[in-house]
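Chain by chain, the residues:
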Amino acid sequence: MNNTKYVFVTGGVTSSLGKGIIAASLAKLLQQRGFSVTIQKLDPYINIDPGTLNPYEHGECYVTDDGAETDLDLGHYERFLNIPTSQANNVTTGRIYQSVIQKERRGEFLGKTVQVIPHITDEIKHRIQILGKTGEFDIVITEIGGTVGDIESLPYVESVRQLLWELGEENAIVVHLTLVPYLAAAGELKTKPTQHSVKTLMESGVSPDVLVCRTEHQLDEKLKKKLALFCNVKKEDVIQSIDAETIYDVPNLMLQEGLDEVVLKKLHLSSENKPHLNAWNDFLKKHKNPVSEVEIGLIGKYVELHDSYKSITEALIHAGASNETKVKVRWIHSEELTPKNVSKKLSGLNGVLVAPGFGDRGIEGKIKAVQYARENNIPFFGICLGMQMAVIEYARNILKLSNANSTEMNENTSHPVIGLMEEQKNITDKGGTMRLGAWNCQIQKDSKVFEAYQNELISERHRHRYEFNDQYLQQIQDAGMKATGVNPKTGLVEIIEIPSHPWFVGVQYHPEYKSTVLNPHPLFIQFVKASLDHSKN
Ligand code: GLN
């Protein structure tokens, strides 16, 4: 028999309340009590995955070891829980419909009319239970994207209703996250929006077991009692979630409020331990009490929406704490960088990070930023497109191949130092067709990256179509830029460095996806350390 318990997290009143952080914080507390926990996100949009979405729409696309392109909340899950997620941890409406329609084409519904209920809801229930049925987890937390009452969320809420009924109340519960706004004119916190969102949920036949109330001010006992009365829960099931200084405070705040205890009680699970948060709190202490500060420029073309670079900024926070250093990020729009203003816009930086990206918008600015960092001995970290830009910059300015480019930007360049990977050449579909997920990389011993990893064989996650063109390898290495990491099977260049520079590293992969609170990424640690050294010069 499978004993996995399910916690559904729904959201009411408004979006952006931080369901992902609440789910991750609850999971952290349960994990630190000794339960094995995973978190899954159900997204109500029709894209098959966020891989084809512009970051302005949806923030960063997060990539798992097994090559799923997913919602950025999965990044929070991994950073909090320190365990990898997979394809099964993110499901979209697009994926649900795709699989139902494929079954219909195969004739699997035996002549029946295919309908939202039961066919779509059955598929949703199946996807929810995939993780539970592996037998690996005591508890699966499923975050339902969107806000209750949205048309597109209805099939998910209906599936939750059915599962609550099928699994029984001691095996599945609903945590509903809402907003208790403060009206300055009235000088009061207001419960009505929460009452309405619970009412909406109840219209679909789902009654919340626990209310988590986002608020800017403390909820007093009277208010909790009122919420409990009108929302059909006990007073102790009303949990306050007050604005926090950092998302990493939320597990402690939820611990103080007893969210984990309430959830365990409802699931008929007992645990004698209190959550062990020692290592977590060590990180927090360092994060909040830095002894030095560095400023790092993040050069990207989506900088207006910081969520586009979520994993990078979080990785800098982890690495900052590990160096007991506050990392200030200066957001620099690559489209606004010109040969004239680059030294002004980048002046005073202790490190330059050129971000991943697609297409030619803003790439000349990125190349200028690389040149500035290289010539002025400022620590440089290039990620994916950032690494490719470093190769182009070197080819143009050191090898004097003035037209050097990536064929992504100019198909007819006379010097394609970055070119489309062989296996990509016959691919026409855009969705899910990049080189995705974890690949091995063999590292040279006398390199900055070996200093960081202390390991000759590493595995990192990828998301790209273009690669370093081997035909230029000899020329580039002779001129001083070294390929210090390659894929052991294909020879693909994964890492470039300039050994004569204090710290100049470009990687074809995305190290940011693997940085967690308890395992800050070694390259980010070394980059921040190099920036710290720079700040002392
Ligand atoms: N556009 C580049 C490629 O496809 C880089 C991708 C990225 O930065 N993730 O290779």
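Please refer to the structure placed before this passage.
First, a word on what this report is: a plain description of the structure on this page. What you are looking at is a predicted structure, and each value in this text was computed from that prediction instead of being measured.

### Some points on the pairing of strand β23 (residues 504-507)
Logical step 1: By the alternation rule, side chains of β23 split into F504 and G506 and V505 and V507, which are all buried.
Logical step 2: Here strand β15 (residues 380-383) runs beside β23; their pairing, made up of four bridges, is parallel. Its bridge partner being in β23, I383 is matched across the sheet by V507.
Logical step 3: In this sheet, β23 lies alongside strand β22 (residues 493-497) in antiparallel orientation, the contact comprising three bridges. Bridge pairing links I495 to V507 in β23.
Logical step 4: A loop of six residues connects β22 with β23, the two strands running antiparallel in sequence.

### Things to note about the pattern of salt bridges
Logical step 1: Counted by the stated rule, this structure contains 35 salt bridges.
Logical step 2: The partner of E245 in a salt bridge is K288, with the nearest N and O atoms 3.7 Å apart. Here E245 is found in the loop between β11 (238-242) and α9 (250-257), whereas its partner K288 is found in helix α11 (residues 278-288), with 43 residues between them in sequence.
Logical step 3: Given a relative accessible area of 66%, E245 falls into the exposed group.
Logical step 4: Each member of the salt-bridge network shares a partner with another, and the members are K41, D43, D71, D73 and E143.

### Topic: the sheet that holds β11
Logical step 1: What the seven strands build is an open sheet, ordered β5-β2-β6-β1-β7-β10-β11; its pairing is parallel. Because the sheet does not close on itself, it has two edges, and the strands there are β5 (90-92) and β11. Neighbour-to-neighbour, the strand axes of this sheet turn through a mean angle of 20 degrees, independent of strand direction.
Logical step 2: Judged from the five bridges that link them, strand β1 (residues 5-11) and strand β6 (residues 139-144) form a sheet pairing that is parallel.

Analysis parameters
Residues numbered from 1 in each chain as written. Predicted model: local features only at pLDDT ≥ 70, side-chain atom pairs only at ≥ 80, totals over all residues. Heavy atoms only, no water. Buried < 20%, exposed > 50% of the residue type's maximum accessible area, 1.4 Å probe, protein only. Helix = DSSP H or I, 4+ residues; strand = E, 2+ residues; numbered from the N terminus. Pairing = 2+ DSSP bridges. Salt bridge = Lys/Arg side-chain N within 4 Å of Asp/Glu carboxyl O. Axes fitted to C-alpha atoms, helices over the stretch in contact; angles between N-to-C directions.

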